[in-house]
4 protein chains.
Amino acid sequence: MAGSSFGNNFTVTTWGESHGKALGAVIDGCPAGIPLSEKDIQVFLDRRKPGQSDLSTQRNETDQCEILSGTFEGLTTGTPISVIVYNKDQRSKDYTDISQAFRPGHADYTYFEKYGIRDYRGGGRSSGRETLGRVMAGAVASKILSSIGVTSICYSKSVGPVEVSAYDEDAIFKNPVYMPDMEAAKKAEEYIRECKENKESVGGVVECRIKGLPVGIGEPVFEKTEALLAQAVMSIGAVKGFEIGDGFLASEKKGSENNDSFYMDGRKVRKSTNHSGGVLGGITDGDEIVFRAAIKPTPSISLPQNTVTSDGAEVEMVVCGRHDPVIVPRAVVVVESMALITLTDLLFSDMSSRISKVEKLYV
Amino acid sequence: MAGSSFGNNFTVTTWGESHGKALGAVIDGCPAGIPLSEKDIQVFLDRRKPGQSDLSTQRNETDQCEILSGTFEGLTTGTPISVIVYNKDQRSKDYTDISQAFRPGHADYTYFEKYGIRDYRGGGRSSGRETLGRVMAGAVASKILSSIGVTSICYSKSVGPVEVSAYDEDAIFKNPVYMPDMEAAKKAEEYIRECKENKESVGGVVECRIKGLPVGIGEPVFEKTEALLAQAVMSIGAVKGFEIGDGFLASEKKGSENNDSFYMDGRKVRKSTNHSGGVLGGITDGDEIVFRAAIKPTPSISLPQNTVTSDGAEVEMVVCGRHDPVIVPRAVVVVESMALITLTDLLFSDMSSRISKVEKLYV
Amino acid sequence: MAGSSFGNNFTVTTWGESHGKALGAVIDGCPAGIPLSEKDIQVFLDRRKPGQSDLSTQRNETDQCEILSGTFEGLTTGTPISVIVYNKDQRSKDYTDISQAFRPGHADYTYFEKYGIRDYRGGGRSSGRETLGRVMAGAVASKILSSIGVTSICYSKSVGPVEVSAYDEDAIFKNPVYMPDMEAAKKAEEYIRECKENKESVGGVVECRIKGLPVGIGEPVFEKTEALLAQAVMSIGAVKGFEIGDGFLASEKKGSENNDSFYMDGRKVRKSTNHSGGVLGGITDGDEIVFRAAIKPTPSISLPQNTVTSDGAEVEMVVCGRHDPVIVPRAVVVVESMALITLTDLLFSDMSSRISKVEKLYV
Amino acid sequence: MAGSSFGNNFTVTTWGESHGKALGAVIDGCPAGIPLSEKDIQVFLDRRKPGQSDLSTQRNETDQCEILSGTFEGLTTGTPISVIVYNKDQRSKDYTDISQAFRPGHADYTYFEKYGIRDYRGGGRSSGRETLGRVMAGAVASKILSSIGVTSICYSKSVGPVEVSAYDEDAIFKNPVYMPDMEAAKKAEEYIRECKENKESVGGVVECRIKGLPVGIGEPVFEKTEALLAQAVMSIGAVKGFEIGDGFLASEKKGSENNDSFYMDGRKVRKSTNHSGGVLGGITDGDEIVFRAAIKPTPSISLPQNTVTSDGAEVEMVVCGRHDPVIVPRAVVVVESMALITLTDLLFSDMSSRISKVEKLYV
């Protein structure tokens, strides 16, 4: 496995390099009969587009997608959906200086050792632009899940040391850092600008909530919901940690503090709390899925750093090119997309969990 | 995919229930020519065996394994290795009271909803005994990796609020909580006993370090080393968080604080720090792999809890049976095993990364 | 991939060697709620048991299976079903003479070259006993498919030069060669006995028919019904050819002779002929699935043959041990099992083919 | 699994419809360091291009490919290779008449039943144009295999009743039906023209030979070389049968006639005959791989045929559009491509078959 595909029944294969001709995704296993147009996908893409504010890279890409297959007369046909985004504003010469030297915190060195060759222009395949394909697939997954009533929301929980202290969903799309707290957002913006001026970069935490999933999604043992979500989210470049529900905090608590009691809400089973984050034993428990991803500061900084070249020379380098001082806001939609893809795939896996479900469709 | 298999080239399939006849694993893709006996596997199993101290369940299982296939005259043959452990000390009647009520924090409710039927005895498939198969496969992976010079060490980093403050590898196997710090271990033991007396349970954090991996292991995009490690580790019941290198802490730092500089150590490229935890862009960078798993407190506690039954009645229950007040120490070898399985699988995936490697073996 | 697993959503992993302790299968992805006992599986196993007549090996194995996991109170639980058969009548010393020499037509040489080591006793993993696991999984698949009205029948179409010329389903289980034609069966028996006396062996063709599958099963492109059936059937040792519908004969015909016209049977679409064998474009067309497998003569013969040893010496050898002069009759249930496994897996894959099916189960 | 991907370590995902904007393939798992240009791929594409002679469809497609990712400075980089072919000469209106009626022998009916919607233009996804992606991947596989000395040759063995009776490799590329026998080729051409005049179509048999593979390729049990070749080849539309070595003929023979004796050729083990077709027990035996595919006559014929519409009306139809009276010659390169893809994938799977191979690369 070369690793560019994800999913069993609903699968995504991404391809493309930062400064190649184009990037794209092939989405296979999408059910037939779903209304799908480029607009649906563009909404997701626009949330990760560069240049939404002065807080992100000034690379000028409109990131317009084109659907090349898999739909007919506005509906999905059940065949693979190929979506493409052409690169427009490559300034590859910005990267000539890094053709030899390995940028600290980047994959330059490891790609070179693994493959003996690397497309150094803008990080090649290890660039954040690879996530374009994920986001396009996330948009398709979103259409599928919404047809059974699933909704998702994703936002920045912290940027550097600035953490949100309120939760106002309406605020999320009203500030450039996608925080559900306008005041924290303001502080976060200031913090990012300050770091940028100091030629520094910043990390943060992204939180995602998904509502409306049926109870019972997730396969026991190795394909637990939280396990596949963890793979999905940790596979995004720059993500260094994943936790679900109370996560690391749970490790400090006692059983009585961490268990969620059950009670009856009419004929529905409910939990009085949601320390679990919506999963028990790897299977959705009907509650909101809540998880977090820790994102490291952008490794590209304008301060001088010590490094080595592929010839074994020690050098000092300053990373040029057009970088984001923080990728957290643009990563929000990527994290959400990976979650939607994962849950769609697990939903389909669940369809054959009981013989009565099989009979319902075929007898 | 029903989820009981893990890995692409080196695969593990586990099976078995807590109170069934037996549990086991089928390990496929193990290279031929490796000396392997039941003793090799038993060493790993003994580290997760119940009853090693008064801190774990008093269920009396010797957990003796038997190899049923895949070896001949003491060597692996390249064919699937089937290993089995028979259950001996099932006291299934302990569980009759939970045949109707859903234990909080357990998978009782979600299994029931997913499958419409559940083997309630000891948690059935969702029991911690399922990890027997993982540990047996981990022992095999350990033999493979050690043949190319890879070593691993795994231990408890914290138990409830008690965190280690020293790192003495020799200490790890000298205390029942597997801490690399005798003093912290003592406090942890006391804390666990105190909780046990109060009918409570405790969580903690497990840390794992792996040395000697070649640079270049891990497949880009969806099969990054940290992504598959995260799936592997988060698929262990009770794990609620995963982080690699500086993990969540990295999200608070600046780029210059988080990047690891490169320098030359003779002809070898080295990093001056290891904030990355041994991976860059999903590919091993030659440094030690360091990751942590957050483990929730055992959901089985002897305090009364509110819950509901499968008939929709609200009840108060006290979970009987023989439980661990803390599973962290016994989880240590499970976490290590999952890491070894994952890295073995990724090692094999890397073999075809360059045409020169292919030629080296076949021309 | 080490190749011992088959299927995406309904998966089978087999393990075990001819003269090892046991052989078995792990069947994962079986829906919950299906009544399943050892008896159900034994019916299938008994059809491939040695010693049913004097036409098969006199190795005395009762091949009694034991279910070790995956069922509870007589029903499947959705968790992996582990089934085991212990070897009883190994006479491994029969095989000492072949520990060095490679038997012509067998996998001795290729296993030795691939792995550098081989379990020579009875062919080890490449023995026909490996198919025990397939047959046990086939029995489970049969239970699943029968719950939606699918039935299957499989038989010998020819043995050496003796071909059936009638089709009487009732006859199939009334003769030891499983032919739907008592007269042909008699001739086939005579032919086999004659060959046996001449220390020779015989091949043949197995035909399989499956009725009642819904229209629409099979995934386009690489997972066409006929493609996966071909893999499944060609993966049985000794199978050298596969064809569906008119198969090789179709290559000689004209379009108008090979196309099946459609007509309406009330409100149902029907085909006036079934040259297609029940598939169009890889997807079931509602007609009977009809395919054939060509089986080579048993490579073990008692005539002297020229071969070489692992040391590079040329020798003449006579293969001892207890062999079937023909494996066709015992292969019948193996071919049927592989077909049932494949179609079950494809049935589950189809469940998410339309968004309306997804909505039917979850909205 | 939606079925548009093939392979474990060397994977191909194809996408695109006959009358969509474009068709393409994503080839993942290609080792780094291989010289690859569009020219290399075009050589393969040109062999399946329409309009090479008056024997194939007059649809005017140049089928020029463009590599969008995965190479840098003329070499593969180890990242996914995305290759695209834009459709140029779609005459979709030719197909308006079949938007309601199901063409006999085509997938119109089964797609409609499976998905509830179908792109009827030119067969949509079930069109032979889907094989463009396979051929492009085959060209890449060819580059990989040739670097370890593997060569392949593929040709028409028969067209309708006309079978080759000589084997002259030089002849293959000198006649439009790709036969290794100029005389037979002439007869085949005449036969095709005659059928075309009679509004009929023709089938045939393709044979493929692959030399130079190492002994030991192929994974036991379900991933035997012949099993995966069978899946690969049977997944090509219109293929109804597959056989390896003596194939169906073997079923009529006796053991002594079918077994291949071993002898020593210097220090090399050789077989005196090749009834096996180059595989023993699913693993390559060092001999030439020889297999055949039976191809049905093109279902599109200009004679009137009885069929039904999606509304349930019985109609007589004449299939318009531009069709091949025979697809055998154009299928030759598709069959060869699928074989090369399969064997490349199996080659990589073999790399971890022995611990000594692992050590050779990493110690």
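Scroll up a little and you will see the structure.
Residues numbered from 1 in each chain as written. Chains lettered and ligands numbered in written order. Predicted model: local features only at pLDDT ≥ 70, side-chain atom pairs only at ≥ 80, totals over all residues. Heavy atoms only, no water.

Student: Got a minute to help me understand the overall build of chain A in this structure?
Tutor: Within chain A one finds 9 helices and 18 strands. Structurally, chain A occupies a C-alpha span of about 65 × 50 × 40 Å along its principal axes. The buried share of chain A, reckoned over its 363 residues, is 69%. Taking as baseline every contact in chain A between residues at least 6 positions apart, the subset at least 24 positions apart corresponds to 68%. (Helix = DSSP H or I, 4+ residues; strand = E, 2+ residues; numbered from the N terminus. Buried < 20%, exposed > 50% of the residue type's maximum accessible area, 1.4 Å probe, protein only. Contact = heavy atoms within 4.5 Å.)

Student: Can you help me understand the layout of surface pockets in this one?
Tutor: In this structure, the largest pocket spans a volume of roughly 690 Å³. Lining of the largest pocket is provided by 29 residues; of these, Glu243(C), Phe248(C), Leu249(C), Glu252(C) and Phe248(D) occupy positions nearest its centre. Every element with two or more residues in the lining of the largest pocket is listed here: strand 8 (151–159) and strand 16 (289–295) of chain C together with strand 8 (151–159) of chain D. When its residues are assigned to classes, the lining of the largest pocket shows 9 nonpolar, 8 polar and 12 charged. (1 Å grid on protein atoms, 1.4 Å probe; cavity = no way out; pocket = protein on both sides within 12 Å on 5 of 7 lines; lining within 4 Å. Points joined across faces, edges and corners; volume = space filled by probe spheres on them. Nonpolar A, V, L, I, M, F, W, Y, C, P; charged D, E, K, R; others polar.)

Student: Is there a simple way to think about the interface of chain B and chain D in this case?
Tutor: Interface size is commonly expressed as the accessible surface area that is lost when the partners come together. Opposite the 25 residues of chain B that make contact, chain D presents 25 residues. Here chain B packs against chain D, burying approximately 2400 Å² in sum over the two surfaces, 68% of which is carbon and sulfur. Ranking the residues of chain B by area buried against chain D places Met351(B), Ile355(B) and Tyr362(B) at the top, with a combined share of 29%. In this structure, the connection of chain B to chain D is made through 0 salt bridges. Here chain B is connected to chain D by 10 residue pairs in polar contact (both at pLDDT 80 or more). Contributing elements (two or more residues each) for the side of chain B that touches chain D: helix 7 (328–350) and helix 8 (355–362) of chain B. Here the side of chain B that touches chain D gets 7 residues from one element, more than from any other, and that element is helix 8 of chain B. (Buried area = accessible area lost by both parts, 1.4 Å probe. Salt bridge = Lys/Arg side-chain N within 4 Å of Asp/Glu carboxyl O. Polar contact = N/O pair within 3.5 Å; in protein donor to acceptor, adjacent residues only side chain to side chain.)

Student: Is there a simple way to explain the interface of chain A and chain B in this structure?
Tutor: Taken together, the contacts link 105 residues of chain A with 105 residues of chain B. Summed over both partners, the interface of chain A with chain B buries about 8200 Å², with 60% contributed by carbon and sulfur atoms. Ranking the residues of chain A by area buried against chain B places Lys114(A), Phe222(A) and Lys240(A) at the top, with a combined share of 11%. One can count 4 salt bridges joining chain A with chain B. Between Lys114(B) and Asp350(A) there is a salt bridge, and its shortest N-O distance comes to 2.7 Å. For the pair chain A and chain B, the number of links is 43 residue pairs in polar contact (both at pLDDT 80 or more). Counting residues per element, the side of chain A that touches chain B draws most heavily on helix 2 (residues 108–115) of chain A, at 7 residues. Class assignment for the residues of the side of chain A that touches chain B results in 44 nonpolar, 38 polar and 23 charged.

Student: When you look at the packing of helix 5 (residues 225–234) of chain A against helix 8 (residues 328–350) of chain A in this model, what are you seeing that I'm missing?
Tutor: Packed helices, taken two at a time, are described by the angle between their axes plus the distance between the axes. Residue and element names in this part refer to chain A. At a closest axis distance of 9 Å, the pairing of helix 5 and helix 8 adopts a crossing angle of 140°. Classified by the interaxial angle, the pair formed by helix 5 and helix 8 is oblique. Crossing angle aside, the handedness with which helix 5 passes helix 8 is right-handed. Contacts between helix 5 and helix 8 involve Thr225, Leu228, Leu229, Ala232 and Val233 from the first element and Val335, Met338, Ala339, Thr342, Leu343 and Leu346 from the second. (Axes fitted to C-alpha atoms, helices over the stretch in contact; angles between N-to-C directions. Parallel < 35°, antiparallel > 145°, perpendicular 65-115°, else oblique. Left-handed = near helix turned anticlockwise from the far one by under 90°.)

Student: What am I meant to see in the environment of Gly78(A) here?
Tutor: Assignment of secondary structure puts Gly78(A) in the loop between strand 6 (75–76) and strand 7 (81–86). Sequence separation between Gly78(A) and Gly33(A) is 45 residues, and the spatial gap between their C-alpha atoms is 7.8 Å. Beyond its immediate stretch of four places on either side in the chain, Gly78(A) contacts Cys30(A), Pro31(A), Ala32(A) and Tyr115(D).

Student: Explain the pattern of salt bridges to me, please; I cannot follow it from the model alone.
Tutor: Throughout the structure, instances matching the rule amount to 100 salt bridges over all chains. Across the salt bridge formed by Arg48(D) and Asp63(D), the nearest N and O atoms sit 3.6 Å from each other. With Arg48(D) in helix 1 (residues 38–48) and Asp63(D) in the loop between helix 1 and strand 4 (65–67), this pair connects stretches of sequence that are 15 residues apart. By the burial criterion, Arg48(D) is buried, and Asp63(D) matches it. Residues joined in a network through salt bridges with shared partners are Lys157(A), Glu207(A), Arg209(A), Lys211(A), Glu243(A), Glu288(A) and Arg292(A).

Student: Sorry, what's going on with the relation of the copies chain A and chain B here?
Tutor: Note that the two copies of the chain are related through a rotation about an axis and a translation along the same axis. Of the transformation superimposing chain A on chain B, the axial component is 0.0 Å and the angular component is 180°, with the fit at an RMSD of 0.0 Å. The two molecules are tied by a two-fold rotation axis, judged by turn and shift. Most of the interface of chain A is mirrored in chain B: 100% of its interface residues are interface residues there too. (Least-squares fit on C-alpha atoms with pLDDT ≥ 70 in both.)

Student: Hey, could you run me through the side chain of Arg134(D) in this one?
Tutor: Residue and element names in this part refer to chain D. With respect to the element layout, arginine 134 can be found in helix 3 (residues 131–146). The exposure class of arginine 134 is buried, given its relative accessible area of 0%. Polar contacts involving the side chain of arginine 134 include one to the side chain of glutamate 130, which spans 2.9 Å.

Student: Hey, could you run me through the relation of the copies chain B and chain D in this one?
Tutor: The transform that puts chain B on chain D rotates by 180° and translates by 0.0 Å along the axis, for an RMSD of 0.0 Å. The fraction of interface residues of chain B whose copies in chain D are also interface residues reaches 100%, indicating that both copies meet through the same surface.

Student: Even after reading the chapter, I still don't get the sheet that holds strand 1 (residues 5–6) of chain C, so can you show me in this structure?
Tutor: By definition, the strands of a sheet pair up through backbone hydrogen bonds, in either a parallel or an antiparallel sense. Strands sit in the order 1-2-3-7-4 (chain C) across an open sheet of 5 strands; the sheet is antiparallel. Each edge of the sheet is formed by a strand with only one pairing partner; in this case those strands are strand 1 and strand 4 (65–67) of chain C. (Pairing = 2+ DSSP bridges.)

Student: What's the story with the nonpolar core in this structure? I'm lost.
Tutor: General note: in soluble globular proteins, nonpolar side chains tend to be found buried as a group. One finds Phe291(A), Phe291(B), Phe291(C) and Phe291(D) to be the most contacted residues of the largest nonpolar core, which totals 360 residues. Here Phe291(A) is in contact with Val206(A), Glu207(A), Cys208(A), Ile210(A), Leu229(A), Val233(A), Phe242(A), Glu243(A), Ile244(A), Val335(A) and Ala339(A), once residues within four sequence places are set aside. (Core = buried A, V, L, I, M, F, W, Y, C linked by side-chain atoms within 4.5 Å.)

Student: Hey, could you run me through the packing of helix 1 of chain D against helix 7 (residues 328–350) of chain D in this one?
Tutor: Residue and element names in this part refer to chain D. It is the contact of helix 1 with helix 7, at a shortest axis distance of 6 Å, that shows an interaxial angle of 140°. Taken together, the axis directions place helix 1 and helix 7 in an arrangement best described as oblique. Residues Phe44, Arg47 and Arg48 of helix 1 touch helix 7, and the partners they reach there are Arg330, Val332, Val333, Val334, Glu336, Ser337 and Leu340. The class makeup of the residues in the contact of helix 1 with helix 7 is 5 nonpolar, 1 polar and 4 charged.

Student: Mind showing me how you'd approach unusual backbone geometry here?
Tutor: Trans peptide bonds make up most of the peptide bonds, and negative phi angles are found at most residues other than glycine. You will see that Glu73(C), though not glycine, has its phi angle at about 50°, which is positive. With respect to the helices, strands and loops of the structure, Glu73(C) is situated in the loop between strand 5 (71–72) and strand 6 (75–76). By relative accessible area, which is 64% here, Glu73(C) ends up exposed. A positive phi angle, close to 65°, is found at Lys199(D), a residue other than glycine. Mapped onto the elements of the fold, Lys199(D) is located in the loop between helix 4 (182–197) and strand 10 (204–211).

Student: What should I look at first to understand the sheet that holds strand 4 (residues 65–67) of chain B in this one?
Tutor: All names here are of chain B. Within the open sheet, the 5 strands sit side by side as 1-2-3-7-4. Their pairing is antiparallel. Of all the strands in the sheet, just strand 1 (5–6) and strand 4 have a single pairing partner and so form its edges. Sitting on the sheet, helix 1 (residues 38–48) touches strand 4 and strand 7 (81–86), and the angle it makes with strand 4 is about 150°.

Student: Would you take a moment to explain the packing of aromatic side chains for this structure?
Tutor: Two descriptors summarise a pair of aromatic rings, namely the distance from one centre to the other and the angle between the planes of the rings. Under the definition given, this model contains 46 aromatic pairs over all chains. Here Tyr120(B) and Phe72(C) contribute two aromatic rings whose centre-to-centre distance is 5.5 Å and whose plane-to-plane angle is 90°, an arrangement assigned as edge-to-face. Of this pair, Tyr120(B) sits in the loop between helix 2 (108–115) and helix 3 (131–146) while Phe72(C) sits in strand 5, placing the two residues on different chains. Each member of the pair, Tyr120(B) together with Phe72(C), is buried. Counting every residue linked through ring pairs, the aromatic cluster contains Phe102(A), Tyr109(A), Phe112(A) and Phe262(B). Between Arg47(B) and the ring centre of Phe44(B), over which it is positioned, the NZ or CZ distance is 5.6 Å. (Phe/Tyr/Trp six-rings, centres within 6.5 Å; stacked < 30°, edge-to-face > 60°. Lys NZ or Arg CZ within 6 Å of the ring centre and 35° of its normal.)

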